[in-house]
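Structural features, examined
Each chain, letter by letter, is given below.
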Amino acid sequence: MCGIVGAVAGRQVQNILLEGLKRLEYRGYDSAGMSILAEEGGLSRQRALGKVAELDKKLQQAPLRGRAGIAHTRWATHGRPSEENAHPHQSGDRLAVVHNGIIENFESLRRELEGQGYTFLSETDTEVVAHLLAREYEQSRDLLQALQRAVARLEGAYALAVAHAAQPDRIVGARKGSPLIVGVGIEEAFLASDPLALLQVTDRFVYLREGDVVQLSDGGVIEVFDDAGQPIERGIEVFEHGDNAISRGNYRHFMLKEIHEQAAVIAKTLEGRLGDGHVMTHIFGSGSGSLMTDVRHIQIVACGTSYHAGMVARYWIEKLAGIPTQVEVASEYRYRDGVVPDNTLFVTLSQSGETADTLAALRHAQSHGGYLASLAICNVPGSSMVRESDLSLMTHAGPEIGVASTKAFTTQLVSLLLLTLALRYARNGDDEMQARLVGALRQLPQLINQGLALDGDIERLSSAFAEKHHALFLGRGTMFPIALEGALKLKEISYIHAEAYPAGELKHGPLALVDSDMPVIAVAPNDELVEKLKSNLQEVRARGGELFVFAEENVAISEGDGVHVLRLPAVDEVIAPLLFTLPLQLLSYHVAVLKGTDVDQPRNLAKSVTVE
Ligand code: AGP
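In this report, we go over the structure that sits alongside the text. All of these numbers come straight from a predicted model, not from anything done at the bench.

This part covers the pairing of strand β18 (residues 371-378). Counting buried positions along β18 gives seven out of eight residues, so the element sits mostly inside the fold. After leaving strand β17 (residues 344-350), the chain enters helix α11 (residues 356-368) and then returns to the sheet as β18, a path that is right-handed. Of the strand pairs in this sheet, β18 and strand β19 (residues 391-394) are connected by four bridges, and their pairing is parallel. Directly across from Leu375, in β19, lies its bridge partner Leu391.

Below is the structure:
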């Protein structure tokens, strides 16, 4: 999960590539590099350890001049972050390659190439691609052919961009298992891992398919070849979100901006999808209306935050639509030979639509058969998951840049509630409960803004956490996955060890951890489990644990010694997971700011995990 940019333009490309890298930094940020084909011949390269800003500094000292080039921002898989391991990797001084993905057979290829006299200078899997390409180029003297022959030897996942000094008017690229798109300019063309990288130069894109190889040459000529090596037309799509979506505006961090965008993006998620007292059943794609009636089981597969959204959906679907539902993390599901009951709908949840484990789980499900249909609930139109699924529902959160997922999560929850209600409608037709929930969904953006108004109070509360090393999150029912999500947020951006438990499970072990150094955060909507939750909180207090309770306004829990209570507005219990997510997002944000961590790009992580 690195970021790739490439360009062949009628102007100097260094700054286009650099801007592209800055916009792709969410994909990895431990080192960066760029190679440019000099107009007078030759290939020049600059690499730096650390974020793109470090590369920028070096380029200011020694600019790279030329009208074609490739660049990369890295998230280390093979080999520690260092300048030697940073991309582009070269074979000799005339061929350079950047790569996102993992070459699984790199060890055998490396032995083969070393045996033929190629010298390796890095610990990466990518360097084998550079030498493989150089060897093929020696045969054909044509970069495109060399790439087509080289990728045939690769096992694993790759998005590649390649430049050769002997062909200074072009770059070539290929994708399999990792994303790569072509930006279409006026007499110029670009490559990138994501359209966001190129919005400063174009809003028109070609989404390459699995196995595609592409050549971009002078004058904006774009030639795409399929996995059989045949020329193929791929349509151009216009990116509709606009470039504003990726600026921080007046916010200090993208994460804070994205938290505060939630009311607006939830309104977009709902737009055109609510009918009169029910959800429209055809919103998942053609034929989905009748398909909803046939569904008897649901299998949800996802990773991280998206997995937590799936866990909430399980409570909703079983309760409101009466359909047995299973939820599993994709990295486990993909290697399991599970039993698929008849008429199972296979649902993937993903912000990016490119997460390697989730995509592999989808392919595993498709190749093993037995599923009625696959549905991708996703934030990125045109992503691999959307293209490879039978049905899809876009979450419409807009680009999410902060590594910690916030608005993508709440729009996934809204989409999953739409799915739940569509399934219920397909079974029951109109009913009072649906009409009530459709009404509640219409009010949701307003309710979200009320929840976000707690920002100042939560900021004040956050100082109680900044010096702590551990935290425990508790919830029951749909609030258990919300507690898990709160703990994940705190872990990933403030580096505080946090765990979440269903509150009823506390007495079976984790209570042993509770003392005055262990803050315990609880989410308490006014639902059927609230009295049981209150008893669990007594158990914590009796052991000296300090309690931080986010409670609905009508829940009888009082402030007192060691008990801090923040009130949220009254809410329908089905909608409550959406509202109670907000204070946990804000808490983790303010704690991270107090600790001075890199909120938008926390250590060791990347936004889009396109490697296994
Ligand atoms: C969330 O804050 C994460 N950074 C991470 O868990 C993320 O949700 C996970 O990697 C799945 O990504 P996806 O939704 O793009 O598939």
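There's plenty left to go through after this.
Quick look at the packing of aromatic side chains now. Using the criterion set out here, one finds four aromatic pairs in the structure. A ring pair is formed by Phe205 and Phe239, whose centres lie 6.3 Å apart and whose planes are at 80 degrees; its orientation type is edge-to-face. With Phe205 in strand β11 (residues 204-207) and Phe239 in the loop between β14 (237-238) and α6 (254-260), the pair connects residues that are 34 residues apart, well separated along the chain. On the accessibility criterion, Phe205 (0% relative accessible area) is buried. When the ring of Phe346 is compared with that of Tyr371, the centres are 5.0 Å apart and the planes differ by 65 degrees; the resulting orientation is edge-to-face. Taken together, the residues Phe346 in strand β17 and Tyr371 in strand β18 connect sequence positions 25 residues apart. Of the residues examined, Tyr371 reaches a relative accessible area of 19% and is grouped as buried. Taken together through their ring pairs, the aromatic side chains of Tyr333, Phe346 and Tyr371 make up a single cluster. A cation over a ring is seen here: Arg603 above Tyr495, with NZ or CZ 3.8 Å from the ring centre.

Locating Met394 in the fold gives a position in strand β19. A relative accessible area of 14% means that Met394 is categorised as buried. The spatial distance from the C-alpha of Met394 to the C-alpha of Thr269 is 7.6 Å, given a sequence separation of 125 residues. Excluding residues within four positions of it along the chain, Met394 makes contact with Arg273, Cys378, Val380, Pro381 and Val386.

Turning our eyes to something else, we now look at unusual backbone geometry. In this chain, His87 is followed by Pro88 through a cis amide linkage whose omega measures -5 degrees. Topologically, Pro88 is positioned in the loop between β4 (68-74) and β5 (89-91). One non-glycine residue, Asn343, lies in positive phi territory at about 55 degrees. Tracing the backbone through its elements, the reader meets Asn343 in the loop between α10 (330-333) and β17. Asn343 gets classed as partly exposed once you look at its relative accessible area, which sits at 30%. Within the chain, His396 stands out as a residue other than glycine whose phi angle is a positive 55 degrees.

Turning next to the site of the ligand. The environment of the ligand is made up of 14 residues, and the closest members are Ser306, Ser350, Gln351, Thr355 and Glu492. Here Glu492 contributes a side-chain N or O atom positioned 2.4 Å from an oxygen atom of the ligand. For the ligand, whose unbound accessible area comes to 410 Å², protein coverage reaches 90%. At the level of secondary structure, the elements contributing two or more residues to the shell around the ligand comprise α9 (304-321) and α16 (479-494). The dominant element in the shell around the ligand, judged by the number of residues it contributes, is α9, at three residues.

Let us look at the sheet that holds strand β15 (residues 297-302). Strand pairing in a sheet relies on backbone hydrogen bonds, with the paired strands running either antiparallel or parallel. Read from one edge of the open sheet, five strands run β16-β15-β17-β18-β19, paired in parallel fashion. Both outer strands of the open sheet, β16 (325-329) and β19, are each paired with one neighbouring strand and no more. Each adjacent strand pair in this sheet contributes to an overall mean axis angle of 20 degrees, direction not counted. Pairing between β15 and β17: five bridges, direction parallel. If you follow His297 over to β17, its bridge partner there is Thr344. Together, β15, β16 and β17 form the strand contacts of α9, whose direction differs from that of β16 by roughly 170 degrees. Along the sheet face, helix α13 (residues 407-428) touches β15, β17, β18 and β19 and points at about 165 degrees away from the line of β17.

Let us look at the sheet that holds strand β6 (residues 95-103). Taken in spatial order, the six strands make up an open sheet running β5-β6-β7-β8-β12-β13, and their pairing is antiparallel. Each having just a single partner strand, β5 and β13 (221-225) make up the two edges of the open sheet. The average undirected angle you get between the axes of adjacent strands in this sheet is 20 degrees. Of the strand pairs in this sheet, β6 and strand β7 (residues 156-164) are connected by nine bridges, and their pairing is antiparallel. Within β7, the residue paired with Ile103 across the bridge is Gly156. Sheet strands in contact with helix α4 (residues 126-140) are β5, β6 and β7, and its direction is about 130 degrees off that of β6. The strands that helix α5 (residues 143-151) touches are β6, β7, β8 (170-176), β12 (213-217) and β13; relative to β7, the one it contacts most, it runs at about 160 degrees.

On to the packing of α9 against α13, then. Where α9 meets α13, the axes come as close as 9 Å, and the angle between the chain directions of the two elements is 25 degrees. Judged by the inter-axis angle, α9 sits roughly parallel to α13. Our pair here, α9 against α13, has a crossing hand that is right-handed. Here Thr305, Ser306, His308, Ala309, Gly310, Val312, Ala313, Trp316, Ile317, Leu320 and Ala321 of α9 lie close against α13, whose contacting residues are Phe409, Gln412, Leu413, Leu416, Leu417, Leu419, Thr420, Leu423, Arg424 and Arg427. Taken together, the residues of the contact of α9 with α13 break down into 13 nonpolar, six polar and two charged.

Basis of the calculations
- Numbers given for residues are sequential positions, taken from 1 along each chain in its written order.
- Local features are withheld for residues below a pLDDT of 70 in this predicted model, meaning they are given only at 70 or higher, and side-chain atom pairs are given and counted only at 80 or more; totals for whole chains, interfaces and linings count all residues.
- Excluded from the side-chain calculations are hydrogens and water; all other atoms, namely the structure's heavy atoms, are used.
- The cut-offs for exposure are 20% and 50% of the maximum accessible area for each residue type, with area from a 1.4 Å probe on protein chains only; residues under the lower value are buried, those over the upper are exposed, and the others partly exposed.
- We count a stretch as a helix when DSSP gives it H or I for four or more residues in a row; a strand needs E for two or more, and each element gets its number in order from the N terminus.
- If the strands point away from the viewer and the path from the first strand over the helix to the second runs clockwise, then the crossover is right-handed.
- Here, a strand pair is defined by DSSP locating no fewer than two bridges between the strands.
- Planes of paired rings set the category: under 30 degrees apart is stacked, over 60 is edge-to-face and the rest tilted, where pairs are Phe, Tyr or Trp rings (Trp by its six-membered ring) whose centres lie within 6.5 Å.
- Counting as a charge over the ring demands two things of the Lys NZ or Arg CZ atom: a distance within 6 Å of the ring centre and an angle within 35 degrees of the ring normal.
- Whether two residues are in contact is decided by their heavy atoms: any pair within 4.5 Å suffices.
- Put simply, a residue is near a molecule or strand once any heavy atom of it comes within 4 Å of that molecule or strand.
- Here a polar contact is recorded for every N or O atom pair within 3.5 Å, except that within protein the pair must consist of a potential hydrogen donor and a potential acceptor, and residues adjacent in sequence are included only if both atoms are side-chain atoms.
- Reported accessibility uses the Shrake-Rupley method at a 1.4 Å probe radius. Residues are deemed covered only where the shown protein chains occlude them.
- Axis lines are fitted through C-alpha atoms, for helices just across the contact stretch, and the angle between N-to-C directions can take any value from 0 to 180 degrees.
- Each angle receives one of four descriptions, namely roughly parallel if under 35 degrees, roughly antiparallel if over 145, roughly perpendicular if within 65 to 115, and oblique otherwise.
- Note on convention: the crossing is left-handed when the near helix lies turned anticlockwise from the far helix by less than a right angle, right-handed when the turn is clockwise.
- Note that Gly is not counted as nonpolar here; it falls among the polar residues with everything else outside the nonpolar set of Ala, Val, Leu, Ile, Met, Phe, Trp, Tyr, Cys and Pro and the charged set of Asp, Glu, Lys and Arg.

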